[in-house]
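Structural overview
Below, each chain spelled out in residue letters.
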Number of protein chains: 2
Amino acid sequence: MDRPHDMTQPAPTSPKRDTPGIDAESHAEGFQKTRNARRTELCEDYVELIAELIGREGEARQVEIARRLGVAQPTVARMLKRLAEDGYIQQRPYRGVFLTPIGEALAAACHRRHEIVEGFLRALGVSDEVARHDAEGMEHHVSEETLQAFARFLDGQQDTGTR
Amino acid sequence: MDRPHDMTQPAPTSPKRDTPGIDAESHAEGFQKTRNARRTELCEDYVELIAELIGREGEARQVEIARRLGVAQPTVARMLKRLAEDGYIQQRPYRGVFLTPIGEALAAACHRRHEIVEGFLRALGVSDEVARHDAEGMEHHVSEETLQAFARFLDGQQDTGTR
DNA sequence: GATGATATATAGCCAGTGCTATGAAATCGC
DNA sequence: GCGATTTCATAGCACTGGCTATATATCATC
Ligand SMILES: [Mn+2]
Ligand SMILES: [Mn+2]
Ligand SMILES: [Mn+2]
Ligand SMILES: [Mn+2]
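A few points on the structure. These numbers come from a predicted model, not from an experiment.

Some details on the nonpolar core
- Within the largest apolar cluster, 30 residues are counted, with the highest numbers of intra-cluster contacts made by Phe150(A) and Phe150(B).
- Counting only elements with at least two residues in this core, the list comes to helix 4 (101-123), helix 5 (128-138) and helix 6 (144-159) of chain A together with helix 4 (101-123), helix 5 (128-138) and helix 6 (144-159) of chain B.
- The contacts of Phe150(A), once residues within four sequence positions are left out, are Ile116(A), Val117(A), Phe120(A), Val142(A), Leu121(B), Leu124(B) and Met138(B).

So, in structure tokens, the structure goes:
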């Protein structure tokens, strides 16, 4: 039991009062979900950006998407192909990319969430610059329940004086 | 070639009243930072978990880390090698892994941040389960400034009656 | 309608992060 | 001490998401 070595570290294999933390399964489950979110967040940023560009510029071109994301054009090209395969967008070469109804829906949901998260941070006193940056990453890990809590807070703020 | 265009969509190149949004550079910068965060978040989870296991169980073994993270053991093995190379941990085969001072520092910072984020969500009315999960992903994208805002909110709550 | 600029496609490299299968080493129980 | 169990290491595969370099296609302009 407790002499795997007899160096420093006096084998703290005390009876192990079980979990002052969580059990391994719940712990793992949380990480699993986070890993899933990591897999989808890039798609979310893409469709949201595409919707934004279409709304503002009338079109979403590969080169502009690349510029906005700060990545190289081939990176975008490959990703767009995947998004098209997955049914989020439709590509019309030299005409830009367009959102399918599914893509639209995802973009709308992401945009709403993004707005709430960023607005929430600002309402909390975070500077615009930092709120924008933090929201960009946080948004993808904010569940609907948390989003509701953010929205509630925003509503409260609004009532009690905006600033 | 089959006329890939002159279909619907009448070239919407209206004068483009510039940016009702942000300029491309700032936009890209935000995404860049988020990508950086994505690169480090896994390390953060590892060192935090290792510190937690050492504190609670007295040791942090590969198999236990794998169980906690919900990944396979070789996945952990490779990551630990990287963490050792990067100076965060020290491996003693069949004795567990230990944190270097640098690793300790990172773990402490991550743990503090994690606690604040999760506590903040709960204070906001999010359920324990969801707070735990959302915090696991959000934490890595919360800047110090935002963390301060969270902490301020928590302090305020504490004064005005905890529940 | 030729041409130069721009936009897109494609190939191939690299690193990261997951996996399974399997072999080697250490520890534990006896 | 020895066999069984546990722990770790390693090889190899798949997929993602960066990159550069380069070829091709379209557009714009004259
Ligand atoms: Mn967004
Ligand atoms: Mn984002
Ligand atoms: Mn954490
Ligand atoms: Mn985490």
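After presenting the structure, the write-up continues.
Things to note about the coordination of the manganese ion (ligand 2)
All names here are of chain A.
- Bound to the manganese ion (ligand 2) are the protein donor atoms Asp-45 (OD), Glu-136 (O), Glu-136 (OE), Glu-139 (OE) and His-140 (NE2), situated 2.0 to 2.3 Å from the metal.
- When the donors of the manganese ion (ligand 2) are listed by position in the chain, the intervening gaps give D-x90-E-x2-E-H.
- The metal-metal distance between the manganese ion (ligand 2) and the manganese ion (ligand 1) comes to 3.6 Å, with Glu-139 coordinating both. Across the pair, His-140 and Glu-139 agree in class, each one buried.

Some remarks on the interface of chain B and chain A
- In this complex, chain B contributes 67 residues to the contact, which on the side of chain A involves 63 residues.
- Summed over both sides, the interface of chain B with chain A buries roughly 5,500 Å², with 54% coming from carbon and sulfur.
- In terms of surface lost to chain A, no three residues of chain B exceed Phe31(B), Arg68(B) and Arg95(B), which account for 11% of the buried area on that side.
- The tally of links between chain B and chain A comes to four salt bridges.
- The salt bridge partner of Arg38(A) is Glu41(B), with a shortest N-O separation of 3.3 Å.
- At the boundary of chain B with chain A, the tally comes to 22 residue pairs in polar contact (both at pLDDT 80 or more).
- Where the side of chain B that touches chain A is concerned, the elements lending two or more residues are helix 1 (24-57), helix 2 (62-69), helix 4, helix 5 and helix 6 of chain B.
- Top element by residues in the side of chain B that touches chain A is helix 1 of chain B. It accounts for 19 residues.
- When the residues that make up the side of chain B that touches chain A are grouped by side-chain class, the tally is 23 nonpolar, 20 polar and 24 charged.

Comments concerning empty space enclosed by the protein
- Under the counting rule described, the total for this entry stands at two cavities of 30 Å³ or more.
- Looking at the largest cavity, the residues that line it are Ser26(A), Glu29(A), Gly30(A), Lys33(A), Glu129(B), Arg132(B) and His133(B).
- If one sorts the elements of the lining of the largest cavity by residue count, helix 1 (residues 24-57) of chain A sits on top with four residues.
- Considered class by class, the residues forming the lining of the largest cavity number no nonpolar, three polar and four charged.

Describing the coordination of the manganese ion (ligand 4)
Residue and element names in this part refer to chain B.
- Ligation of the manganese ion (ligand 4) by protein atoms is provided by Asp-45 (OD), Glu-136 (O), Glu-136 (OE), Glu-139 (OE) and His-140 (NE2), these donors lying 2.0 to 2.3 Å from the ion.
- Each donor residue of the manganese ion (ligand 4) lies on the same chain, and together they follow the pattern D-x90-E-x2-E-H.
- A spacing of 3.6 Å is found between the manganese ion (ligand 4) and the manganese ion (ligand 3), which share Glu-139 as a donor. Both residues of the pair, Glu-136 and Glu-139, count as buried.

Focus: the protein's contact with DNA strand C
- Close to DNA strand C lie 21 residues, the nearest being Arg35(A), Gln62(A), Ala72(B), Arg78(B) and Arg82(B).
- For DNA strand C, the fraction of protein-proximal atoms (within 4 Å) that sit in sugar or phosphate groups is 58%.
- One of the side-chain N or O atoms of Arg61(A) is found 3.3 Å from a sugar or linking oxygen in DNA strand C.
- Val63(A) places a main-chain nitrogen or oxygen 3.3 Å from a phosphate oxygen of DNA strand C.
- Elements with a contribution of two residues or more to the surface near DNA strand C: helix 2 (62-69) and helix 3 (73-85) of chain A together with helix 3 (73-85) of chain B.

Re unusual backbone geometry
Residue and element names in this part refer to chain A.
- Although it is not a glycine, Tyr-94 sits at a positive phi angle of roughly 65°.
- Looking at the element boundaries, Tyr-94 is found in the loop between strand 1 (89-92) and strand 2 (96-99).
- Residue Tyr-94 is classed as exposed on the basis of its relative accessible area, which comes to 76%.

Remarks on the pairing of strand 1 (residues 89-92) of chain B
All names here are of chain B.
- Of the pairings in the sheet, the one linking strand 1 to strand 2 (residues 96-99) comprises four bridges and is antiparallel in character. If you follow Ile-89 over to strand 2, its bridge partner there is Leu-99.
- The turn linking strand 1 back onto strand 2 is made up of three residues, and Tyr-94 within it adopts a positive phi angle of 65°.

Examining the pattern of salt bridges
- Taken as a whole, this structure holds 24 salt bridges over all chains when the rule is applied.
- A salt bridge links Arg112(A) to Glu144(A), with the shortest nitrogen-to-oxygen separation between them at 3.1 Å. One end of the pair, Arg112(A), is in helix 4; the other, Glu144(A), is in helix 6, and 32 residues separate them in sequence.
- We note a salt bridge from Arg132(A) to Glu129(A), for which the minimum N-O separation is 3.3 Å. Of this pair, Arg132(A) and Glu129(A) both sit in helix 5, separated by three residues, roughly a single helical turn.
- When salt bridges with common partners are traced through the structure, they connect Arg38(A), Glu41(B) and Asp45(B) into a single cluster.

So, how was this worked out
Residues numbered from 1 in each chain as written. Chains lettered and ligands numbered in written order. Predicted model: local features only at pLDDT ≥ 70, side-chain atom pairs only at ≥ 80, totals over all residues. Heavy atoms only, no water. Core = buried A, V, L, I, M, F, W, Y, C linked by side-chain atoms within 4.5 Å. Buried < 20%, exposed > 50% of the residue type's maximum accessible area, 1.4 Å probe, protein only. Helix = DSSP H or I, 4+ residues; strand = E, 2+ residues; numbered from the N terminus. Contact = heavy atoms within 4.5 Å. Donors = N, O, S within 2.8 Å, 3.2 Å for Na, K, Ca; no water. Buried area = accessible area lost by both parts, 1.4 Å probe. Salt bridge = Lys/Arg side-chain N within 4 Å of Asp/Glu carboxyl O. Polar contact = N/O pair within 3.5 Å; in protein donor to acceptor, adjacent residues only side chain to side chain. Nonpolar A, V, L, I, M, F, W, Y, C, P; charged D, E, K, R; others polar. 1 Å grid on protein atoms, 1.4 Å probe; cavity = no way out; pocket = protein on both sides within 12 Å on 5 of 7 lines; lining within 4 Å. Points joined across faces, edges and corners; volume = space filled by probe spheres on them. Near = heavy atom within 4 Å. Pairing = 2+ DSSP bridges.

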